[in-house]
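Report on the structure
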Amino acid sequence: LLFARQTQLETQLKEAIKGKKAEIGIAVIIDGKDTVTVNNDIHYPLMSVFKFHQALALADYMGKQKQSLETRLPIKKSDLKPDTYSPLRDKYPQGEIEMSIADLLKYTLQQSDNNACDILFRYQGGTGAVNRYIHSLGITDCLISATEEEMHQDLERCYQNWTTPVAAAGLVDMFLRKPLFGAAYKDFIYQTMVECQTGKDRLPAPLADKGLIIGHKTGTGGLNAQGQLIGTNDIGFILLPNGHRYSIAVLIKDSEENPQATSGLIGEISRIVYEYVLKLTSVPTQL
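We now turn to the structure provided with this report. (Residues numbered from 1 in each chain as written. Predicted model: local features only at pLDDT ≥ 70, side-chain atom pairs only at ≥ 80, totals over all residues. Heavy atoms only, no water.)

**Notes on the overall build of the chain**
Check the secondary structure of the chain and you find ten helices and ten strands. Taken over C-alpha atoms, the radius of gyration comes to 19 Å for the chain, in line with the 19 Å a tight globule of 287 residues would show. Across its three principal directions, the C-alpha atoms of the chain cover 60 × 45 × 35 Å. Burial statistics for the chain: of 287 residues in total, 56% are counted as buried. Pairs at least 24 apart in sequence give 68% of the contacts found in the chain among residues at least 6 apart. (Helix = DSSP H or I, 4+ residues; strand = E, 2+ residues; numbered from the N terminus. Rg over C-alpha atoms; globule rule 2.2 N^0.38 Å. Buried < 20%, exposed > 50% of the residue type's maximum accessible area, 1.4 Å probe, protein only. Contact = heavy atoms within 4.5 Å.)

**A closer look at the packing of aromatic side chains**
Overall, the coordinates contain five aromatic pairs when judged by the stated rule. On the numbers, 5.5 Å between centres and 65° between planes, the contact of Phe-50 with Phe-121 is edge-to-face. You can see Phe-50 sitting in helix H2 (residues 50–65) and its partner Phe-121 sitting in helix H5 (residues 114–124), a full 71 residues away along the chain. Considered together, Phe-50 and Phe-121 belong to a single accessibility category, that of buried residues. Both rings, one in Tyr-190 and one in Phe-237, keep their centres 5.0 Å apart while their planes meet at 10°; by these two values the pair is stacked. Pair noted here: Tyr-190 is in helix H9 (residues 183–194) and Phe-237 is in strand E9 (residues 229–239), with a separation of 47 residues, a long-range link. When the ring centre of Phe-175 is taken as reference, the NZ or CZ atom of Lys-186 above it lies at 5.8 Å. (Phe/Tyr/Trp six-rings, centres within 6.5 Å; stacked < 30°, edge-to-face > 60°. Lys NZ or Arg CZ within 6 Å of the ring centre and 35° of its normal.)

**Examining the sheet that holds strand E10 (residues 245–255)**
With antiparallel pairing, five strands are arranged side by side in an open sheet as E2-E1-E10-E9-E8. Either end of the sheet is taken by a strand with one partner, and the two such strands are strand E2 (34–38) and strand E8 (213–220). The sheet shows a mean angle of 5° between the axes of neighbouring strands, direction not considered. Where E9 meets E10, ten bridges bridge the pair, whose relative direction is antiparallel. Bridged to Thr-232 within E10 is Ile-252. Here helix H8 (residues 165–177) sits on the sheet in contact with strand E1 (23–30), E2, E9 and E10, set at roughly 150° to E10. (Pairing = 2+ DSSP bridges. Axes fitted to C-alpha atoms, helices over the stretch in contact; angles between N-to-C directions.)

Shown next as structure tokens:
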């Protein structure tokens, strides 16, 4: 019965993305076990989705160093690169300040700030340290090797930070289910994702006013040499009032649709998945 239902979701999702000029990957993990994927065998550029991976590795690192989220880092003017997306730089253009790691994480997870991201990379040992940590969790179908600045300098490097959909959804699911690090770090990351400011037209779009808890992290790339959108992504968790939950990753690579239509597609996929899970979890279980 369950298998038939999962096939039904897969069919609906394939129907929704048919004929779109983009490579679209989807993974859904319901209640930590039932998994549905579409186009999972492709490497999708992570873009800023990797700020979630970074946050988990950072929490692990800080836990081992016995440092609190109130630990302050110096921010120099040279850390605030001018030609990149950075609300942090817009607020403190001269730099020469100190900021808590908690506040830097709010900049990266809620506003996808690129300068804050690279400041944290320097503190925690670079992209290699983040990549090793994620792989140590058994999530190996992904690679993190380029900073925001490196991607900015060479757009081809965007493709060097990649994931499969199920590796991204699996990491979100693991974050929810397992005590990977101290509760203070976990609760902070969880709450910060729930307060995410970006991508309201993506996963959250069809889910407003339904009594759900939604935490997510977007990723958005510019145009490649062919004029395609490199990556338009959203990964996250949705908690239903009935006690069930699911993790979801929607990753769109090399889209030739316009940005609104590409983001809108994530919203449409989100709607289909939510309605499926709601129906699935409100039916009494057949023994």
